[in-house]
Amino acid sequence: MGIEHLSPEAITSLLKLAKRMDPRRAHPTLRGRIVALLFYEPSTRTRISFELAAKTLGATTVLVAAESSSVSKGESLLDTVATVRAAGADAIVIRHPASGAPLLAARHLNIPVVNAGDGMHEHPSQALLDAYTILQHKKSLRGLRVVMVGDIAHSRVARYNLHLLTKLGAQTTLCGPPELAPEVCATIAPGVRIVRHMEEALHGAEVIMMLRVQKERLGGLQLNVDDYVSAYQLNAERLKLARRDALVMHPGPIIRRMEITGEVADGPQSLILEQVRNGVRVRMAILTTAMAAARPRKGQ
Amino acid sequence: MGIEHLSPEAITSLLKLAKRMDPRRAHPTLRGRIVALLFYEPSTRTRISFELAAKTLGATTVLVAAESSSVSKGESLLDTVATVRAAGADAIVIRHPASGAPLLAARHLNIPVVNAGDGMHEHPSQALLDAYTILQHKKSLRGLRVVMVGDIAHSRVARYNLHLLTKLGAQTTLCGPPELAPEVCATIAPGVRIVRHMEEALHGAEVIMMLRVQKERLGGLQLNVDDYVSAYQLNAERLKLARRDALVMHPGPIIRRMEITGEVADGPQSLILEQVRNGVRVRMAILTTAMAAARPRKGQ
Amino acid sequence: MGIEHLSPEAITSLLKLAKRMDPRRAHPTLRGRIVALLFYEPSTRTRISFELAAKTLGATTVLVAAESSSVSKGESLLDTVATVRAAGADAIVIRHPASGAPLLAARHLNIPVVNAGDGMHEHPSQALLDAYTILQHKKSLRGLRVVMVGDIAHSRVARYNLHLLTKLGAQTTLCGPPELAPEVCATIAPGVRIVRHMEEALHGAEVIMMLRVQKERLGGLQLNVDDYVSAYQLNAERLKLARRDALVMHPGPIIRRMEITGEVADGPQSLILEQVRNGVRVRMAILTTAMAAARPRKGQ
């Protein structure tokens, strides 16, 4: 089982559960259960968020990082996850550079596998915490005008957010140069439109989701960094073009003076740290839901 | 104290204790005790197995991996273990590329030092869990026909297994090309014989222990990978040459299509994941025995 | 808040609290609190000391090592610590190669930030545990003749120890070649003097603090290793020049046959392992004090 391909109702009930979770208090619902964190890519924020979510729920955690794992000995992903499960894991949280890796693992195991980001594919827990964060400030996502700016093509955050936001009724606009926001991105979910000029895209926006842009990637695409910054950086001036109470979001890590100015990142409309904060409770809800849905283990 | 050089009686009692251990239930016998895991070599399965064993026993664990340790500053092994002990460790689990390192550490410390694999020397907890796993399926090891195939010369698993299996009365046959199973290997324990042809070795085998073979090593030995695979891979056809109920074992990580086919690794005779599963309870027994035997610490 | 710039009274009360701490017994004063360990540099002893101190106090710990963190993605230190805090950390222990990094972090967060060593700047918990260790053997530091030998210029241990020892009334002599103990070091704290000949410096010494000397550094300074060893190594013969009951200390990791002989390091006057042992209780006191002084968190 996984948490992907959830119905709007399932998403809503997961977000409701997240609201009841309190990361400041022990919820020992997973006491005696083992949650393995398999990180095939470095990720401070996602890893510690899941680790703290699992620990707050009373679970025992065990961390496997790619560099120190059997991966270096040529073991396949499926053999690694089967081994981790056999060693006692009751759930596996997996971050992997290959799209579909968590799904593949989930199909072969009879314990929950939670996707903590796979390749350029999806990052469901991030999308869920983003939706949760928006709903702390807006009554509903229905009809909400969301603008997503930056490297849409290579962002797993963008991909899953598009699915989720659309499912919950938001109206999403993508913004970036053709190299980062190619026309095909509009087909990820129904009703998505692409606007090249940030000024135009921001007009009337109620939520602005900035994405991380990697310098190296721009270089590879023959895009000039200065040109990118001057056209797509979210600064105070541009922010004024959006709705007065527009929310500024970013999945992090942010690179100040690149895709966003410090003034905006630290400003009153920024929800960047709130997103991190909400991440723990949302992941507590994800783990709780995943474990509750899991069939009791056979054998052992 | 260490767990090496155990008598058959001590081994039997340790295996009996393992049977009483339940990795699904908290056994807080080590609550308040600190188990340090010193891994000078990467090892997913052994490390998480010991870590989960210690945590299930209620111990606090602390992990030291070579790459992030004082080792890089030139500190000696003995100074590192003495430091870890002084910082509060009540037991140290050590994996080291140099043969004899855990024994050396044990001699200098008055707390239990558990060998989690040293160089090409020994890997006692693996041998114990292998014996445990066999005994879940066979009444006794006495007279049991065990075949070990692959890189005997460079395998710590092979080495310690040979000692242990022989002590418990098994009849072991080694199989591999002279480069990987040189004649001298027959002298590791009494009664061991070497057979070059896998077909001959498998005849009548009741347990088949496959060993990991590293491509790089074959290259270094001027052995052709394809030749090796065609002569020594355990596939479904060869498996039929063994006893009908022969058990297939492998310490992992396995490399499918190299030393073993996926069909056999996942087949009904394969105990590969059962070995991993049994690893935790066997290591719980090892830690419990080691701590019980430890003299109370002097001073703080 | 930080633990730097403490008054002599605050230091004394912290050392008294350390005396009441027992690393062998659970002090669940931080149960339910999260302590994040941010290590931007490898350090076995400091990291496990703080980790065990936090765990003994009942805290949940989460470790972030530089190599696997968002640092590699270009995130700034301040954004990383703000993220870790937002994810739930109630205190952050930080080790960083840049002088002043922990102080910078502390200024931007409303939770305790504990300095676990920054660049060549300071290492307050080490200095406190050194003072604690001396006070287990001497009634007071007032007037105590302390000699510090080795690489003063590049040692954070030396720097903070000089401040602390001077504050508590010790009379400190620095000893080393001009490249490692330049005249300017005498200005770190009032009353400090520099003596070039180790024999002269040791005369009448009651405490000898040896510092780690890195071979590479000597090479960079065009200092000959053999010359250094013959002039500044603490061996049994030189030790006799100090007071009969002189205490030998070293922050570790030690390099035997370099700055100190094994005979002296393991001898009856050596407190090297006692320093490690005291480290845990001193860090328990530091964490307890830091958390008690912290303002209750706003929001969340």
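No experiment lies behind these values; they were computed from the predicted model shown. (Residues numbered from 1 in each chain as written. Chains lettered and ligands numbered in written order. Predicted model: local features only at pLDDT ≥ 70, side-chain atom pairs only at ≥ 80, totals over all residues. Heavy atoms only, no water.)

Undergrad: Any details on the overall build of chain A? Residues and values, ideally.
TA: The helix and strand tally for chain A stands at 12 helices and 9 strands. A globule of 300 residues ought to have a C-alpha radius of gyration of about 19 Å, and chain A, at 19 Å, matches this closely. Burial statistics for chain A: of 300 residues in total, 61% are counted as buried. Accessible area of chain A: about 11600 Å², with a carbon and sulfur share of 53%. (Helix = DSSP H or I, 4+ residues; strand = E, 2+ residues; numbered from the N terminus. Rg over C-alpha atoms; globule rule 2.2 N^0.38 Å. Buried < 20%, exposed > 50% of the residue type's maximum accessible area, 1.4 Å probe, protein only. Areas by Shrake-Rupley, 256 points an atom, 1.4 Å probe, with all protein chains shown as cover.)

Undergrad: Could you give me a rundown of the interface of chain C and chain A, with the residues and numbers involved?
TA: Taken together, the 23 residues of chain C in the interface contact 23 residues of chain A. For the chain C and chain A pair, buried surface summed over both sides reaches about 2200 Å², with 54% attributable to carbon and sulfur atoms. The interface formed by chain C and chain A holds 2 salt bridges in total. With a closest N to O distance of 2.6 Å, D79 of chain C and R256 of chain A form a salt bridge. (Contact = heavy atoms within 4.5 Å. Buried area = accessible area lost by both parts, 1.4 Å probe. Salt bridge = Lys/Arg side-chain N within 4 Å of Asp/Glu carboxyl O.)

Undergrad: How would you sum up the pattern of salt bridges? Please name residues and give values.
TA: Applying the stated rule across the entire model yields 39 salt bridges over all chains. Among the ionic pairs, D90 of chain C bridges to R24 of chain A, the shortest N-O distance being 2.6 Å. Taken together, the residues D90 of chain C in the loop between α3 (77-86) and β3 (91-96) and R24 of chain A in the loop between α1 (8-20) and β1 (34-39) connect one chain to another. For D90 of chain C, a relative accessible area of 3% puts it in the buried group. Of the residues examined, R24 of chain A reaches a relative accessible area of 30% and is grouped as partly exposed. When salt bridges with common partners are traced through the structure, they connect K138, R145, E206, R243 and D245 of chain A into a single cluster.

Undergrad: Before we move on, could you go through the relation of the copies chain B and chain C and cite the residues and values that matter?
TA: Structural alignment of chain B on chain C gives an RMSD of 0.0 Å, achieved by rotating through 120° and translating 0.0 Å along the axis. Within this description, the copies of the chain are treated as partners about a three-fold rotation axis. (Least-squares fit on C-alpha atoms with pLDDT ≥ 70 in both.)

Undergrad: Describe the environment of P182 of chain B, listing the residues and the values that go with them.
TA: Residue and element names in this part refer to chain B. Of note, P182 is situated in the loop between β6 (171-175) and β7 (193-195). Looking at P182, the relative accessible area reads 23%, which means it is partly exposed. P182 sits 174 residues away from P8 along the chain, and the two C-alpha atoms are 28 Å apart. Contact partners of P182, with chain neighbours within four places excluded, come to A153, I194 and R196.

Undergrad: Provide a residue-level description of α3 of chain C, including the pertinent values.
TA: With 9 of 10 residues buried, α3 of chain C is to be regarded as a mostly interior element. Along α3 of chain C, the residues that are buried comprise L77, D79, T80, V81, A82, T83, V84, R85 and A86 of chain C. Residues of α3 of chain C that are buried in the fold lie against α2 (44-56) and α12 (272-293) of chain A together with β1 (34-39), β3 and α4 (101-108) of chain C. Downstream of α3 of chain C by a residue or two, G88 of chain C has a phi angle that is positive, lying close to 130°.

Undergrad: Help me get a handle on the pairing of strand β8 (residues 207-210) of chain C, residues and values and all.
TA: A regular strand places its side chains on the two faces of the sheet in alternate fashion. All names here are of chain C. Alternating positions in β8 separate into two faces, V207 and M209 on one and I208 and M210 on the other, with burial throughout. Sheet analysis places strand β5 (residues 145-149) next to β8, joined by 4 bridges and oriented parallel. Along β8, the bridge assignment pairs M148 with M209. As paired strands, β8 and strand β9 (residues 247-249) are joined by 3 bridges and run parallel to one another. (Pairing = 2+ DSSP bridges.)

Undergrad: Which residues make up the pairing of strand β4 (residues 113-118) of chain B, and what values do they have?
TA: Residues and elements named next belong to chain B. Counting buried positions along β4 gives 6 out of 6 residues, so the element sits mostly inside the fold. Pairing of strand β3 (residues 91-96) with β4 involves 4 bridges; the strand directions are parallel. In the strand pairing of β4, I94 is matched with N115. The β-α-β motif built from β3, the intervening helix α4 (residues 101-108) and the parallel element β4 has right-handed crossover chirality. (Right-handed = clockwise from strand over helix to strand, strands pointing away.)

Undergrad: How would you sum up the sheet that holds β5 of chain C? Please name residues and give values.
TA: Backbone hydrogen bonds hold the strands of a sheet together, and the pairing may be parallel or antiparallel. Residues and elements named next belong to chain C. The strand order across the open sheet built from 5 strands is β7-β6-β5-β8-β9, with neighbouring strands paired in parallel fashion. Only two strands of the sheet have a single neighbouring strand rather than two, namely β7 (193-195) and β9. The sheet shows a mean angle of 25° between the axes of neighbouring strands, direction not considered. As paired elements, strand β6 (residues 171-175) and β7 share 3 bridges and run parallel to each other. From the neighbouring strand, T173 faces β7, where its bridge partner is R193. Helix α6 (residues 156-167) rests against β5, β6 and β8 of the sheet, and its axis sits at about 170° to β5. (Axes fitted to C-alpha atoms, helices over the stretch in contact; angles between N-to-C directions.)

Undergrad: Give a description of the confidence of the model for chain A that names residues and reports values.
TA: Within chain A, residue pLDDT values average 90, and 94% of them lie at 70 or more. Reported for the predicted complex are a pTM of 0.94 and an ipTM of 0.92. (pLDDT = per-residue confidence, 0-100.)

Undergrad: Tell me about the environment of G220 of chain C, and name the residues and values.
TA: With respect to the helices, strands and loops of the structure, G220 of chain C is situated in helix α8 (residues 215-220). It is 24 Å that separates the C-alpha atoms of G220 of chain C and M209 of chain C, two residues lying 11 residues apart in sequence.

Undergrad: So, unusual backbone geometry: which residues are in play, and what are the values?
TA: Across the junction of G252 of chain B and P253 of chain B, the peptide omega takes the value -10°, indicating a cis bond. Mapped onto the secondary structure, P253 of chain B falls in the loop between β9 (247-249) and α11 (262-265). A positive phi angle, close to 70°, is found at R257 of chain C, a residue other than glycine. Residue placement: R257 of chain C occurs in the loop between β9 and α11 (262-265).

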